[in-house]
Amino acid sequence: DLQIGTLEVTGAAAIDGALTVAGASQFNSTITAGVDDTGYDVKFFGATSGKYMLWDESADSLLVAGSSTITTADNTAQLTLVSTDADANAGPILDLWRNSASPADADLLGQIYFYGEDDAGNKQEYSSIKSKAVDVSSGAEKGRFEILNFNAGASKSVLLANSPASNEEIVINEDSADYNFRVESNDVTNMLFVDAGSNTVGVGISAVTSPNTMEIWANNTGTGGVLFVNQYGTGDPAIRLSTQATTYMVGIDNSDSDTFKIDYGTTGVGAQTGFSLNTSGVSSFHDKTVTR
């Protein structure tokens, strides 16, 4: 054994064997483990068993193990991913992986949590975004994203959507929970309002009282609430009213000089017309019986 109080090396040093340094050390230049295309594992241990950070040279990845965290010491904490690739389409990517080749339905794939402090200064979960697997047995690339709000320790799902693949639908509130959905415009708070509890849809209004009803509301001196069906092509703008046995069509027959018509028992305007009004103001009942 060789014990040296102070050792200063001003040039290159080659040590063929293990080097154990028991005291604090300071390196005033670059530290490199390995050379190009030949790397070595670098491991940093924490004070708790199972917690460490490892650069795994065989996997070319950085592992933070044992529920360890990456923490910043100021109030401007920021994680920035920067791509140095000159290709405009080569942006940085953040991947959240679950270690399974075939996750089961509803398995959690990845999750992002948002934390803060409550009035007592305790760490509090406020919301999260997570992804789950659905229908993986079919072989299709499908997933589900869920945004959660945390209230009094209980999570509440406010958005649940399937990723659109192969013309898959996008679903909001797939769990059928009693949470309203609202879209604001520039100066209208309830430009679109879906009341989950009463099964109503409001445009410009939230207090729609009749179940399974859509109400268009306006509060101005102009045209008021308007349902506008605008046809820019050669088709017929129309409203279709149907039961399981009968269909009525109200619309404009583009092929008949833009005549307004009410049709019965049909799926198109102009096929079975009971009443019409042309652009000259002339109305007709088309030889149908009109009763008092």
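Quick look at the structure, then. This is a predicted model, so every value here is computed, not measured.

**Brief notes about the overall build of the chain**
What the chain contains, in helices and strands, is zero helices and 16 strands. Split into buried and exposed, the 292 residues of the chain put 16% on the buried side. By sequence separation, contacts in the chain at least 24 residues apart represent 8% of the contacts at least 6 residues apart. As displayed, the chain offers around 22900 Å² of accessible surface, 50% of which is attributable to carbon and sulfur atoms.

**Side note on the pattern of salt bridges**
Here the structure, examined in full by the defined rule, presents three salt bridges. A salt bridge links E184 to R182, with the nearest nitrogen and oxygen atoms 2.6 Å apart. Given the relative accessible area of 40%, R182 is considered partly exposed. Notably, a salt bridge pairs D256 with K261, separated by 3.0 Å at the nearest N-O pair.

**Remarks on the sheet that holds strand β9 (residues 192-195)**
Ordered in space as β8-β9-β10-β11, the four strands form an open sheet in which the pairing is mixed. What marks the edges here is a single partner per strand, and that holds for β8 (181-183) and β11 (214-216). Each neighbouring strand pair of the sheet contributes to a mean axis angle of 10°, computed without reference to strand direction. Sheet topology places β8 next to β9; three bridges connect them, and they run antiparallel. Following the sheet pairing, R182 is matched in β9 by F193.

**Focus on the layout of surface pockets**
In this structure, the largest pocket spans a volume of roughly 1300 Å³. If you trace the largest pocket, you find 21 residues lining it, with S68, T69, I70, L79 and Q111 closest to the centre. Of the residues assigned to the lining of the largest pocket, the class counts are 11 nonpolar, seven polar and three charged.

**A closer look at the packing of aromatic side chains**
Tallying each qualifying case throughout the model produces two aromatic pairs. Plain terms: the ring middles of F45 and Y52 are 6.1 Å apart, the flat faces sit at 55° to each other, and that makes the pair tilted.

**Concerning the pairing of strand β15 (residues 273-277)**
Across four bridges, the pairing between strand β14 (residues 259-264) and β15 is antiparallel. Counterpart to K261 in the pairing with β15 is S276. In the sheet, β15 pairs with strand β16 (residues 283-284) via two bridges, with the strands oriented antiparallel. Bridge pairing in β16 links S276 to S284. The antiparallel hairpin formed by β15 and β16 contains five residues in its connecting segment, where G281 sits at a positive phi of about 90°.

**Considerations on the side chain of T266**
Within the secondary structure, T266 is located in the loop between β14 and β15. Of the residues examined, T266 reaches a relative accessible area of 9% and is grouped as buried. Reaching out from T266, the side chain makes a polar contact with the backbone nitrogen of G268 at a distance of 3.1 Å. The residues touching T266, leaving out its near neighbours within four places in the chain, are T247, M249, A271 and Q272.

**Describing the sheet that holds strand β3 (residues 61-65)**
Read from one edge of the open sheet, three strands run β1-β2-β3, paired in antiparallel fashion. The sheet is open, and its two edges are formed by β1 (42-45) and β3, each paired on a single side. Pairs of neighbouring strands in the sheet enclose a mean axial angle of 10°, with direction left out of account.

**Some details on unusual backbone geometry**
A positive phi angle, close to 50°, is found at D60, a residue other than glycine. A positive phi is found at D287, a non-glycine position, where the angle reads about 60°. With respect to the helices and strands, D287 occurs in the segment after β16. Residue D287 is classed as exposed on the basis of its relative accessible area of 84%.

**Regarding a nonpolar patch on the surface**
Together, L79, L81, L94, L96, I112, F114, I129 and I147 make up an exposed nonpolar region whose accessible area comes to about 710 Å². Residue position: I147 is located in strand β6 (residues 144-151).

**Considerations on the side chain of D253**
Within the element layout of this structure, D253 appears in strand β13 (residues 247-253). The buried category is assigned to D253, whose relative accessible area is 5%. A distance of 2.8 Å separates the side chain of D253 from the side chain of K261, its partner in a polar contact. Those residues in contact with D253 that lie beyond four places of it in its chain are D236, D258, T259, K261, V269 and G270.

Parameters and conventions
- Residues numbered from 1 in each chain as written.
- Predicted model: local features only at pLDDT ≥ 70, side-chain atom pairs only at ≥ 80, totals over all residues.
- Heavy atoms only, no water.
- Helix = DSSP H or I, 4+ residues; strand = E, 2+ residues; numbered from the N terminus.
- Buried < 20%, exposed > 50% of the residue type's maximum accessible area, 1.4 Å probe, protein only.
- Contact = heavy atoms within 4.5 Å.
- Areas by Shrake-Rupley, 256 points an atom, 1.4 Å probe, with all protein chains shown as cover.
- Salt bridge = Lys/Arg side-chain N within 4 Å of Asp/Glu carboxyl O.
- Pairing = 2+ DSSP bridges.
- Axes fitted to C-alpha atoms, helices over the stretch in contact; angles between N-to-C directions.
- 1 Å grid on protein atoms, 1.4 Å probe; cavity = no way out; pocket = protein on both sides within 12 Å on 5 of 7 lines; lining within 4 Å.
- Points joined across faces, edges and corners; volume = space filled by probe spheres on them.
- Nonpolar A, V, L, I, M, F, W, Y, C, P; charged D, E, K, R; others polar.
- Phe/Tyr/Trp six-rings, centres within 6.5 Å; stacked < 30°, edge-to-face > 60°.
- Polar contact = N/O pair within 3.5 Å; in protein donor to acceptor, adjacent residues only side chain to side chain.
- Patch = residues over 30% accessible without salt bridge, like charges linked within 9 Å, V, L, I, M, F, W, Y side chains within 5 Å.

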